[in-house]
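# A closer look at the structure
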Amino acid sequence: MLDLRLYMAQRLSALIMAPLVLGHIAVMIYAIQGGLSVAEILGRTQGSAFWFAFYGLFVLAVSVHAAIGLRVIAHEWVGLRGMALSLFTWATGLGLFTLGARAVWAVTFA
Amino acid sequence: MSKPEQTLDVTVWRGTAAGGELETHKVPAHDNQTVLDVVSWIQHHSDPTLTYRFACRVGMCGSCAMMVNGIPRWTCRTHVGKVVDEGKLTIEPLRNLPVIKDLAADMDAFFDKWVAAEGLHHPTQSRQDPIEPIDATTPARKQANAGIECINCAVCYAACDTVAGNPEYLGPAALQRAWTLLNDTRDGARATILDAVSGAGGCHNCHSMGSCTQYCPNELDPMSAIAGVKRETVRHALLRRKDA
């Protein structure tokens, strides 16, 4: 249930995610070393265009990547097809994007 | 002095597309016998109504493939001693294909997909043209040569878990054929083949699990061929966009 378009979208989103995952893990390890508080973390992310772009892009790539991956599983293991499969793919992608985008907005510009 | 006769417990699948069941036969064991010998013994001596398919008996025709203890194999080239499990053999029709009767699978879907993947020759010359010399040493020709020994036995197709989960998927044999033609300088339908393998059931569905390569009796490598087809579709799509 993957054509060239979906295959490319999944590979490109993986390409974007790879460095972002490493950056994310590095930041997590760094953040807990010195015992940063929530207020200190928010102090660095609030109003930061860099962290907005970093995690905004991350959320976008994850939404595309996971929606296509789950689409394949839903087709091969659950037997979803046609319109139901398309709806599932879009709902997963948009759902993940909404959750992620809310979180990014909350720690940067909200 | 004769040895006491050893027997095998051979369970064969009996039935049609409407359904069926497993049936066990006692078959004399010999030092040298193939799984096809065992199936033939059952038909000759135990149940003449057993249906199965074979032709050459030497691993050339690709018609006797069946599931043997859960693994797709050419029955004519599979020694019983290699696969028997505590004196037991279970023989079933090829997986991922409908059954015609008993051990004979309906190969139509397999061959239809071969054609759907444009796995047929698209000539660039007519019989009036002189024979084109082919350089056997080019990298493309070596890739093409790697796949041409496929005899359409459908062992890879039966082994493929992606086909099992996604019946539209073209499968390893058809895609390997597409890769062979893409690398053959005598084939003139590159774009047609790439379009044919890029649809909803195309090469991009392959998860590279490798059962095709693992079980191919000819030791071909369809998994790598499919990876080649994927790379070529991406390259073609990017170049086409640039040309547009």
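These numbers were taken from a predicted model, which means no experiment stands behind them. (Residues numbered from 1 in each chain as written. Chains lettered and ligands numbered in written order. Predicted model: local features only at pLDDT ≥ 70, side-chain atom pairs only at ≥ 80, totals over all residues.)

### A closer look at the overall build of chain B
- Scanning chain B from terminus to terminus reveals ten helices and seven strands.
- In terms of principal-axis extent, the alpha carbons of chain B reach across some 75 × 40 × 30 Å.
- Expressed as a percentage of the 244 residues in chain B, the buried residues total 41%.
- Within chain B, residue pairs in contact and separated by at least 24 positions form 65% of the contacts whose partners lie at least 6 positions apart. (Helix = DSSP H or I, 4+ residues; strand = E, 2+ residues; numbered from the N terminus. Buried ≥ 20, exposed ≤ 12 C-beta atoms within 10 Å, placed from the backbone. Contact = placed C-beta atoms within 7 Å.)

### Remarks on the overall build of chain A
- Looking only at helices and strands, one finds four helices and zero strands in chain A.
- Here chain A has a C-alpha radius of gyration of 17 Å; the compact-globule value for 110 residues is 13 Å, and the former is much larger.
- C-alpha extents for chain A along the principal axes are approximately 50 × 25 × 20 Å.
- Sequence-distant contacts in chain A: of pairs separated by 6 or more residues, those separated by 24 or more amount to 80%. (Rg over C-alpha atoms; globule rule 2.2 N^0.38 Å.)

### Topic: the UniProt feature "transmembrane region" (unreviewed entry) in chain A
- The positions UniProt marks with the feature "transmembrane region" (unreviewed entry) are residues 12–32, 52–73 and 85–105 of chain A.
- Counted over residues 52–73 of chain A, helix gives 100% and strand 0%. Its end C-alpha atoms are 31 Å apart. (UniProt positions renumbered as here; feature names shortened; annotations may be inferred.)

### Examining the packing of helix α3 (residues 49–78) of chain A against helix α4 (residues 82–108) of chain A
All names here are of chain A.
- In contact at an axis separation of 8 Å, α3 and α4 are set at 160° when each is read in the N-to-C sense. The angle between α3 and α4 places the two elements in the roughly antiparallel class. Like other packed secondary-structure pairs, α3 and α4 cross with a definite hand, here right-handed. (Axes fitted to C-alpha atoms, helices over the stretch in contact; angles between N-to-C directions. Parallel < 35°, antiparallel > 145°, perpendicular 65-115°, else oblique. Left-handed = near helix turned anticlockwise from the far one by under 90°.)

### Notes on the interface of chain A and chain B
- With nine residues of chain A in contact, the opposing surface of chain B contributes eleven residues.
- Of all the elements in the fold, those that place two or more residues in the side of chain A that touches chain B are α1 (4–33) and α3 of chain A.
- Tallied by class, residues from the side of chain A that touches chain B come to six nonpolar, one polar and two charged. (Nonpolar A, V, L, I, M, F, W, Y, C, P; charged D, E, K, R; others polar.)

### Digging into the nonpolar core
- Ranked by size, the top nonpolar core spans 59 residues in total, and within it Ala154(B), Leu175(B), Ala178(B) and Val197(B) carry the most contacts.
- Ranked by residue count, the leading element in this core is helix α7 (residues 172–182) of chain B, at seven residues.
- Beyond its immediate stretch of four places on either side in the chain, Ala178(B) contacts Ala117(B), Glu118(B), Gly119(B), Ile193(B), Val197(B) and Val229(B).
- Listed in part, the 13 residues of the second largest apolar core include Leu4(A), Val59(A), Ile68(A) and Val104(A). (Core = buried A, V, L, I, M, F, W, Y, C linked by C-beta atoms within 7 Å.)

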